[in-house]
Each structure stands twice: as structure tokens, then as C-alpha cells.
Amino acid sequence: MPGAGNRRLPYCARTLAPLRPILEAMPEPSPHVLIVDDDREIRELLSRFLARHGLRASVAADGREMKKALAERGIDLVVLDLMLPGEDGLSLCRGLRAASDIPVIMLTAMGEEVDRIIGLEMGADDYLAKPFSPRELLARIRAVLRRGAGTGTRARASAGGEGPRLVRFAGWRLDLDSRELFSPEGILVALSGGEFALLAAFVSHPQRVLSRDQLLDLARGRDAQPFDRAIDVQVSRLRRKIEPDPGAPTLIKTVRGGGYLFSPVVEGGGDGEGDA
């Protein structure tokens, strides 16, 4: 009988079947950026600018509104002002990083190096000093989002082939697909986007001295501005999470005048990029 095969399918499957090609062809939703700034004009300017360039944007005036937006919406990246009424941006960044790996770009009123270092110490993935061009912020947002999406791709290319993208070193296990790091005891250790990118760069180039410029390019992309201390701060944060004694590191070693060396033998990841 005509249509008998279709009637064997559940009703919802029969109903959706004609729509499947359309649904599969639909583009992925654009990244959703949350702008947290107490200046209404800045919030409105940035949200309109990002929307014109293909991003979804929500706004918040303080930490309370930020937390509400994070709880109610799927946020892919937070642009967070340092100076906020009530709980300041550094405290909010620290709390966000403890609970999530959502990337954070910190906005600072001054371009002082100490402000950048403190922001990175709190878990920010990037920083931008006011006043700034909206186009520069857009470039930073795209670079951070690419970094989060692309690090695993680079690691897979160095590993070669398909299949599970797992690497092991010194008892640790890093899943490059889920971006999850497990300790030798099997405990999940949370990584920020910057920490994951840096560790992925190390496991892709084990037992090699990498300069700060090389690490900056590998972990942060070509859009990153040269700022040596940014890498030093990220290394310090990563050491606190994976080293038995961060004060006497044995996994990520400092090479005087050279940069850093990731000393463990890495299984499963290879170092194909390093031979180029």
C-alpha cells in the first residue's frame, strides 16, 4: 500500500522527515556575546555594532544582571568591564572562571601592564584598554572564539587521522574534543579557554623549547598583540593546576633566555607540527 513504509515510522518522525533537508541546511546560530558595562552608551553602541557584524549581543549593567543573563541564555563569550558598581570585574571574572570555561575579554580603563596581568591571573582570556575601537573589540572576540574552536583541530592534525583525540602525559589525560583535563586520580580539572589553548600547544610540541612568541602564536593566534607577560601569567596558572609543586615545576620547565619546555612524554598526540 502506498505510504505503508512511512506509517511504520513514529508520527513525529513522519512529520519531520520532509523538513530534515531544510533543518540540516540551516546555519548554526551565531555566537552570543554578553557585554557587561555600567555605561549605557557603551553597552548600546557595542551591542548594535556586534549585531551588524553577525553576532548576537546581550547587555548587563552590573554583576547581578550578568549572572541573570548567564543563567537564562546561552552565552558564548563575556566582554567584562573592570570597573563596575558593586562587585568589580576582577571578582566577577574569578567567580565565572571557577564555575565555567566561557571565554572572557576584560575591558580596563588603563593600559597599565599590572591591570593586564591581574586580569589574566583572574582567568580572562584577553584584555582591551579603553578607549578602544569597536572594530578592535570585534577582532578580539573573533580571535578568542576561533582559538576555542580551532585548538583541537590543530592538535588533531598533529596527531594524524580521525578517532578519539586523547593525549596522556605524566598520568594526566587531556580530551581535545571535550576540552576536559583529568588528573592522574581521575579528577576533572577545570581549564579556562586560554589555559586549554596553552596546554594543547605544549602537548602538540613536547620536549621542545618554545619561545614566548611561538607560544603566543600557537595558543592565542596571529591576532594576539605581543605581550610576553601574558604567556608567563598563563604558564603560572597552568602550573598551579598540573604541577605537583608549582614552586619547583617539573612538567613545564623554564629555559633561561629561551622560553618554556614541556618535559613529559606525550602519548596519543604526537608532535607532527613540530617537525615543520
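Criteria and thresholds
Residue indices follow the written sequence of each chain, beginning from 1 at its first position. This being a predicted model, a pLDDT of at least 70 is required before a residue's local features are given, and a value of 80 or more before pairs of side-chain atoms are given or counted; all residues contribute to the totals for chains, interfaces and linings. The basis for every side-chain value is the complete set of non-hydrogen atoms in the structure, without hydrogens or water. Two aromatic rings, drawn from Phe, Tyr or Trp (for Trp, its six-membered ring), form a pair once their centres lie within 6.5 Å of each other, and the interplanar angle then sorts them: stacked below 30 degrees, edge-to-face above 60, tilted otherwise. Helix and strand definitions here come from DSSP, where helices need a minimum of 4 consecutive H or I residues and strands a minimum of 2 consecutive E residues; each element is numbered from the N-terminal end. Exposure is judged per residue with a 1.4 Å probe applied to protein chains only, and the accessible area is read against the type maximum: over 50% gives exposed, under 20% gives buried, and values in between give partly exposed. Salt bridges are identified by distance alone: a Lys or Arg side-chain nitrogen within 4 Å of an Asp or Glu carboxyl oxygen. Only heavy atoms matter for contacts: two residues are in contact if any of them lie within 4.5 Å across the pair. Expected span of a helix, by definition, is 1.5 Å for each gap between consecutive residues, and there is one gap fewer than residues. Summarising the geometry, the arc corresponds to the directions from the helix axis toward the C-beta atoms. We define a polar contact as two N or O atoms separated by no more than 3.5 Å, with the added condition that, inside protein, one atom must be a possible hydrogen donor and the other a possible acceptor, whereas residues neighbouring each other in sequence contribute only through side-chain atom pairs. Working definition of a nonpolar core: buried Ala, Val, Leu, Ile, Met, Phe, Trp, Tyr and Cys residues. They are joined through side-chain atoms within 4.5 Å. One bridge is not enough; two strands pair if DSSP finds at least two bridges between them. Clockwise travel from the first strand over the helix to the second, with the strands pointing away from the viewer, marks a crossover as right-handed.

J.: Describe in detail the packing of aromatic side chains, supporting the description with residues and values.
T.: For the coordinates displayed, the defined rule picks out two aromatic pairs. Here Phe169 and Phe262 contribute two aromatic rings whose centre-to-centre distance is 5.2 Å and whose plane-to-plane angle is 70 degrees, an arrangement assigned as edge-to-face. Here Phe169, found in strand 6 (residues 166-169), pairs with Phe262, found in strand 12 (residues 259-262); they are 93 residues apart in sequence, far enough to count as distant. Neither Phe169 nor Phe262 differs from the other in exposure class; each is buried. Taking the centre distance of 5.6 Å and the plane angle of 20 degrees together, the rings of Phe202 and Phe262 count as stacked. Of this pair, Phe202 sits in helix 9 (residues 193-204) while Phe262 sits in strand 12, placing them 60 residues apart in sequence.

J.: How would you summarise the pattern of salt bridges if you had to cite specific residues and measurements?
T.: A full pass over the atoms with the stated rule returns eleven salt bridges. Across the salt bridge formed by Glu87 and Lys67, the nearest N and O atoms sit 3.2 Å from each other. Here Lys67 lies in helix 5 (residues 63-72) and Glu87 lies in the loop between strand 3 (77-81) and helix 6 (89-99), a separation of 20 residues in the sequence. The class for Glu87 is partly exposed, based on a relative accessible area of 33%. Accessibility expressed as a relative area gives 45% for Lys67, which makes it partly exposed. The salt bridge involving Lys68 is made with Glu72; its shortest N-O contact spans 3.0 Å.

J.: Explain unusual backbone geometry to me, and be specific about the residues and the numbers.
T.: That bond from Lys130 to Pro131 is cis: its omega, -5 degrees, falls within 30 degrees of zero. Note that Pro131 resides in the loop between strand 5 (126-129) and helix 8 (134-159). Despite not being glycine, Arg179 has its phi angle at roughly 60 degrees, a positive value. The residue Arg179 is located in the loop between strand 7 (172-175) and strand 8 (180-182) in this model. Residues other than glycine seldom take positive phi values, yet Gln207 does so here, at roughly 55 degrees. Looking at the element boundaries, Gln207 is found in the loop between helix 9 and strand 10 (209-210).

J.: I'd love a proper account of the environment of Val209, names of residues and values included.
T.: Following the sequence through the fold, Val209 ends up in strand 10. Here Val209 is in contact with Gln214, Val255, Gly258, Gly259, Tyr260 and Leu261, once residues within four sequence places are set aside.

J.: An account of helix 4 (residues 40-52) is requested, with residue identities and associated values reported.
T.: Side chains of residues three or four places apart in an α-helix project in the same direction, reflecting 3.6 residues per turn. Compared with the 18 Å implied by 1.5 Å per residue over 13 residues, the 18 Å span of helix 4 between its first and last C-alpha is a close match. Burial in helix 4 covers these residues: Arg43, Leu46, Ser47, Phe49 and Leu50. The buried residues of helix 4 occupy an angular sector of 165 degrees when projected down its axis, which confines them to one face. For helix 4, exposure combined with an orientation more than 90 degrees from the buried face picks out Arg40, Glu41 and Arg52. Near the N-terminus of helix 4, the side chain that reaches the backbone nitrogen of Glu41, with its oxygen 3.0 Å away, is that of Asp39. Where helix 4 ends, the next residue or the one after it, Gly54, has phi of about 85 degrees, a positive value.

J.: I'd like a rundown of the nonpolar core, residues and numbers included.
T.: Judged by nonpolar contacts, the single largest core of 30 residues is most densely connected at Phe169, Leu174, Leu181, Leu199, Phe202, Ile242 and Phe262. Breaking this core down by element, the ones donating at least two residues are strand 6, strand 7, helix 9, helix 10 (212-220), helix 11 (228-242) and strand 12. Among the elements that line this core, the one with the most residues is helix 9, at eight residues. The residues contacting Phe202, other than those within four sequence positions of it, are Leu210, Leu215, Val235, Leu238, Ile252, Tyr260 and Phe262. Ranked by size, the runner-up nonpolar core spans 18 residues in total, among them Leu34, Met66, Ala69 and Val78.

J.: So what's going on with the pairing of strand 2 (residues 56-60)? Which residues, and what values?
T.: As defined by bridge partners, strand 1 (residues 32-36) adjoins strand 2 across five bridges and the pair is classed as parallel. Opposite Ile35, over in strand 2, you have Val59 as the bridge partner. Considered for its hand, the β-α-β crossover made up of strand 1, helix 4 and strand 2 is right-handed.

Geometric descriptors of this kind do not, in isolation, establish any biological role.
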